[in-house]
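A closer look at the structure
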Amino acid sequence: MAADPFSVRTKTSCSSSPSTLRSSKRAVAFRIRAHNNNNNQHIDDKNRFYKELGTFALKRKIEDLVLRAEMLAPTALEFEEARRLKQEEIIREYDLWDDVAKSNEDLVQLAESAKTIDSLKDLRYTAEEAKLITELAGMDSINYEFLKQAYAACVNVNRTLDKYEMSKLLREPYDMEGACMTIESGNEGVYSEIWAERLTRMYIKWAEKQGHKARIVEKQDSESGGINYAMIELEFKSAYGYLSGERGIHCMSGSSENKSDLSKDGAAAIDVIPLFLESSPDLQIDENDLEITTSPSLTIQHIPTGLQVQSTGERSRFANKLKALNRLKAKLLIVMREQGVSNLASIKSSDISSSWNQVARRYVFHPNKLVEDVKTGIQLADLTAVLNGNIEPFIGAHINSRRHEIP
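Residues numbered from 1 in each chain as written. Predicted model: local features only at pLDDT ≥ 70, side-chain atom pairs only at ≥ 80, totals over all residues. Heavy atoms only, no water.

Further remarks concern the pairing of strand β5 (residues 266–275). A large share of β5 lies buried, amounting to 10 of its 10 residues. Bridge analysis of strand β1 (residues 178–185) against β5 gives eight bridges, and the strand direction is antiparallel. When the bridges of β5 are listed, A179 appears paired with P274. By the bridge criterion, five bridges tie strand β4 (residues 248–253) to β5 in an arrangement that is antiparallel. Across the sheet, residue M252 finds its bridge partner in β5, namely G266. (Buried < 20%, exposed > 50% of the residue type's maximum accessible area, 1.4 Å probe, protein only. Helix = DSSP H or I, 4+ residues; strand = E, 2+ residues; numbered from the N terminus. Pairing = 2+ DSSP bridges.)

What follows concerns empty space enclosed by the protein. On inspection of all chains with the given rule, the structure shows one cavity of 30 Å³ or more. Roughly 50 Å³ of volume is contained in the largest cavity. In this structure, the largest cavity is lined by K163, M166, W206, Q210, Y242, E392 and I395. For the lining of the largest cavity, the per-class residue count stands at four nonpolar, one polar and two charged. (1 Å grid on protein atoms, 1.4 Å probe; cavity = no way out; pocket = protein on both sides within 12 Å on 5 of 7 lines; lining within 4 Å. Points joined across faces, edges and corners; volume = space filled by probe spheres on them. Nonpolar A, V, L, I, M, F, W, Y, C, P; charged D, E, K, R; others polar.)

Taking 1.5 Å of rise per residue, the 23 residues of helix α6 (residues 317–339) would be expected to cover 33 Å, and the 33 Å separating its terminal C-alpha atoms lies within 8% of that figure. G340 lies just past α6 and shows a positive phi near 70 degrees. (Expected span 1.5 Å × (residues − 1).)

Right, let's get into unusual backbone geometry. A cis geometry characterises the amide bond from H366 onward to P367, with omega recorded as 5 degrees. Looking at the element boundaries, P367 is found in the loop between β9 (359–364) and β10 (370–373). Although it is not a glycine, S238 sits at a positive phi angle of roughly 75 degrees. Within the secondary structure, S238 is located in the loop between β3 (227–234) and α5 (239–243).

Moving on: the packing of aromatic side chains. For the structure shown, the criterion picks out five aromatic pairs. The interplanar angle of 80 degrees and the centroid separation of 6.1 Å between the aromatic rings of W195 and F365 together place this pair among those described as edge-to-face. Remark: F365 occurs in the loop between β9 and β10 and W195 occurs in helix α4 (residues 190–209); sequence separation between them is 170 residues. On the basis of relative accessible area, F365 is assigned to the buried category, the value being 17%. With a centroid separation of 6.1 Å and an interplanar angle of 40 degrees, the aromatic rings of W206 and F236 are classed as tilted. With W206 in helix α4 and F236 in the loop between β3 and α5, this residue pair connects regions lying 30 residues apart in the sequence. Each member of the pair, W206 as well as F236, is classed as buried. Joined through ring pairs, the aromatic side chains of W195, Y363 and F365 make up one cluster. (Phe/Tyr/Trp six-rings, centres within 6.5 Å; stacked < 30°, edge-to-face > 60°.)

Below, the discussion takes up the sheet that holds strand β7 (residues 298–302). Spatially, three strands are ordered β6-β7-β8 in an open sheet, and the strand pairing comes out antiparallel. On the outer flanks of this sheet lie β6 (290–293) and β8 (307–311), each paired with one strand and no other. Strand-to-strand, the axes of this sheet are offset by a mean angle of 15 degrees, without reference to chain direction. Packed onto the sheet, α6 meets β6, β7 and β8 and runs at close to 145 degrees relative to β8. (Axes fitted to C-alpha atoms, helices over the stretch in contact; angles between N-to-C directions. Contact = heavy atoms within 4.5 Å.)

With that settled, consider the environment of T126. Among the secondary structure elements, T126 is positioned in helix α2 (residues 100–138). Considering only alpha carbons, one finds T126 and C154, 28 residues apart in sequence, at a separation of 7.4 Å.

Turning our attention to the side chain of N320. Inspection of the secondary structure assignment puts N320 in helix α6. We classify N320 as buried; its relative accessible area is 9%. There is a polar contact of 3.4 Å between the side chain of N320 and the backbone nitrogen of G313. Only 2.9 Å separates the side chain of N320 from the backbone nitrogen of E314, close enough to count as a polar contact. Contact partners of N320, with chain neighbours within four places excluded, come to L298, S311, T312, G313 and E314. (Polar contact = N/O pair within 3.5 Å; in protein donor to acceptor, adjacent residues only side chain to side chain.)

In this section: the layout of surface pockets. Looking at the largest pocket, its volume works out to about 1,700 Å³. E112, T116, M176, K237 and S238 are, among the 38 residues lining the largest pocket, the residues nearest its centre. Mapped onto the lining of the largest pocket, the elements with two or more residues apiece are α1 (18–92), α2 and α3 (144–169). Examining the composition of the lining of the largest pocket, we find that 11 residues originate from one element, α2, more than from any other. The residue inventory of the lining of the largest pocket, partitioned by class, reads 13 nonpolar, 11 polar and 14 charged.

Structural data, given as structure tokens:
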């Protein structure tokens, strides 16, 4: 068996000459260098193989993403440019001063259309640039780092296209409004309270990933370190359209390795109503139908339906009353739409659905991590990512489920 070059022994003694010792050391050093060179060559070959494999896979991914962008972006751009021309024609046909409110609305829509067009043009340019990079990579004219940058850019392009496609499906009343979301812990005890707090953080992180802020305006902490109740306001366009599908019970299960320990399961109910951004809800309520209490918080109950709202986050009693009244109107508008009625008197209080009536999603921690959206059937294994705010697949599935409902 060949000797290990790292354990070469030289036969020397205290009486050996200095020249003999130097010769022996040089021989050992040479054999060590030769061994290291062979190892380094092997490592370089291995790294080159994996890099080439990674480059090939990355090129294929970029090509797929570019193909989708090339198919969707031009069509979307053509549609938006035609829409802008139509808006400009409408504005030219009447005097802006005849109806200031309508004129302002039309001008806002025109500005939004122009912004969308610029965004789509940028997407198309980015996709073309990524395509050029993959072509240069095929000629070994560009390095792996540029490919990674091109891939990241393509992923962002397709995310934006996903949002654009979803926005075209947000056609229901109030879809373009902001959102007011409430998270209420269940009766299962401490784990439901902790779970409600975790869900609150999930939605805040989702908003941040969209480039927006979610503001906690109401909160009731529990002694366990969780929460009994929280209310979040998302003051950005289309928040209600995106999040309305989150309504319902969100169940946590299997948080303990002990399958017989069901006490560590929990639940929280999510409710979502529109947050009107530019105007107050268009609904008249008879003052005689309202019961208002101010202690411990300002609470308004609509007597005929039994619906109740509160507000404690404003600085004055008047501001809290106004905020609570707007929330009540938003709730009533959603109930009227759900029941298909056009006035408050036609609402059947017995048919009002609660956010506790239907399971929306299950989050399984053990033995295998899984998030299952009951409404759409979508399942994701990356539980951690979902709790970190990556809920776009569920939002997209819910919005796409409306497609067959849109005439």
